[in-house]
Amino acid sequence: MVRRTRVLVALTLLASALAACGGDEDTSRPTLNWYNFPDDSGALQQAADRCGRASGGRYRISYQKLPRAADGQRQQMVRRLAAEDDSLDILGLDVTWAAEFAEARWIREWTGEAKRRATEGTLRVPLQTATWKGRLYAVPYNTNTQLLWYRTDLVPTPPATWAEMIDMSRDLARRGEPHYVEIQGAQYEGLTVWFNSLINSAGGTILNPSATEPSLGPPAVRAATVMRELANSPAADPSLPNQMEDQNRLAMESGTAAFEINYPFVYPSMKANNPALFKNFRWAPYPRVDAGRPARPTIGGIDLAVSAYSRHPDLAFEAALCLRDRENQLTAALDGGLPPTLRALYDEPAFKKAYPFSQEVLAALESASVRPLTPAYQNVSIAVSHTLSPPSGIDPRSAVGTIREQIDQALRSEGVIP
């Protein structure tokens, strides 16, 4: 009995020692936590696994899914960074957050060789979203921009301007044909994007170049006027004041609309959900405000930043570059529908096949606008979307005056939005 007990004790100690050895082996390789939006395609997990293998055992990447809503994503990261949580390493930032996070000193600046690799071959406009006060604080992971989508059975030649599109909608309505222009009119970020695209297309900006005060002016009045005219014309879907991107997609797929301003995700969706209508579903550049001035649609996307509190910053910079390399961006584009930020991929045969509108997307990105670069962006966006909602009730000059006043107050306020 005594001998049996000694054997059991010995086996227990041996098992404990082996477990301890195994634990040491696992912890000897740092785990980099990558916080990013939840991806259902598997592309982000593939990138994390791929880069972990490519590191040669020096690190592994754990893909941590943030909430689906952008506000929830930002809130989770802000709270943890404010608490100096060192378990955050690589952060997937919405293109409007870099200035806020940089000003709060929550993310590290990209310098030296890492900066050179981050900027090499990267599209110029997406890089602007990752820059604050002339310094690079993130690397563009993916991007996005809107196009005009239309039905060739209703409109053989797409409109070049907003005024032309509204006139076409009126003609279709008189003939009893589907005629709505689907656009984001709800009181949220999409409404701010619409206004930002129009004001930049009209030759203006929401903020001055140094982001110290509102710019606005006549281009802003022109932008607000276009929004009001569409909202009070037959082109307006009755649900315009409540519509977001997905409602626009569904309305177009149902056959009630002739036009849609939206992101490229609507193309595979139409192909899957309404194959008959898909045969007449085409794309064109974002409409111009003035016929002689190119449109400047607003870009979206995600930038990758390195947390100021990461315990492995050098590895995090290296891993972030790997996560957005050519192979991973191509996978994200083909599987996840996320347009790349590397210029060379727009000439990639596989990408061009999956995105027959790739050259239109590239042209839009090269002339695109960005949302105001300021730590107070959340307040700026709220001022715009609340003032311009509903679009049918816009008084252009009065609305622009209100937006100017509220933005001026936001820029002069201190602190970070909770």
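Residues numbered from 1 in each chain as written. Predicted model: local features only at pLDDT ≥ 70, side-chain atom pairs only at ≥ 80, totals over all residues. Heavy atoms only, no water.

With that settled, consider the sheet that holds strand β3 (residues 90-94). Spatially, five strands are ordered β2-β1-β3-β11-β6 in an open sheet, and the strand pairing comes out mixed. Two strands close off the open sheet at either side, each with one partner strand: β2 (60-65) and β6 (139-144). Averaged over all pairs of adjacent strands, the angle between strand axes in this sheet comes to 20 degrees, irrespective of strand direction. Pairing analysis gives six bridges linking strand β1 (residues 31-36) to β2, with the strands arranged parallel. Opposite Thr 31, over in β2, you have Arg 60 as the bridge partner. (Pairing = 2+ DSSP bridges. Helix = DSSP H or I, 4+ residues; strand = E, 2+ residues; numbered from the N terminus. Axes fitted to C-alpha atoms, helices over the stretch in contact; angles between N-to-C directions.)

Spatial strand order, β8-β9-β7-β10: four strands in an open sheet with mixed pairing. Whereas interior strands pair on both sides, the edge strands pair on one side only; in this sheet they are β8 (180-182) and β10 (281-284). Pairwise comparison of adjacent strand axes, ignoring direction, gives a mean angle of 20 degrees for this sheet. Bridge count for β8 against strand β9 (residues 257-262) is three bridges, and the pairing is parallel. Bridging from a neighbouring strand, Tyr 180 pairs with Ala 257 of β9.

Attention now moves to helix α16 (residues 358-366). Residues Ser 358, Val 361, Leu 362, Ala 364 and Leu 365 constitute the buried set of α16. All buried residues of α16 fall inside an arc of 165 degrees around its axis, so they share one side. Buried residues in α16 make contact with α6 (124-129), β6, β7 (147-151) and α15 (349-354). (Buried < 20%, exposed > 50% of the residue type's maximum accessible area, 1.4 Å probe, protein only. Arc of directions from axis to C-beta. Contact = heavy atoms within 4.5 Å.)

The next subject is the packing of helix α17 (residues 377-387) against helix α18 (residues 396-412). Interaxial distance between α17 and α18 falls to 9 Å at its minimum, and their mutual angle equals 160 degrees. Comparing their axes, α18 and α17 come out roughly antiparallel. Crossing of α17 over α18 shows right-handed handedness. The residues of α18 that touch α17, namely those facing Asn 379, Val 380, Ala 383, Val 384 and Thr 387, are Ala 399, Thr 402, Ile 403, Gln 406, Ile 407 and Ala 410. Partitioned by chemical class, the residues of the contact of α17 with α18 number seven nonpolar, four polar and no charged. (Parallel < 35°, antiparallel > 145°, perpendicular 65-115°, else oblique. Left-handed = near helix turned anticlockwise from the far one by under 90°. Nonpolar A, V, L, I, M, F, W, Y, C, P; charged D, E, K, R; others polar.)

Detailed reading of the predicted model is not advised wherever pLDDT is low. Of the residues in the chain, 92% reach a pLDDT of 70 or more, and the chain-wide mean stands at 92. Confidence drops under pLDDT 50 across residues 1-25; counting only partners more than four residues distant or on other chains, this segment forms zero contacts. Counted against residues more than four places away or in other chains, residues 414-418, with its pLDDT under 50, gives nine contacts. (pLDDT = per-residue confidence, 0-100.)

Let's shift gears to unusual backbone geometry. Of the consecutive residues Ser 389 and Pro 390, the connecting peptide bond is found in the cis state with omega at -5 degrees. Secondary-structure assignment places Pro 390 in the loop between α17 and α18. Of note, Glu 84 is a non-glycine position whose phi angle comes to about 55 degrees, a positive value. Note that Glu 84 resides in the loop between α3 (70-82) and β3.

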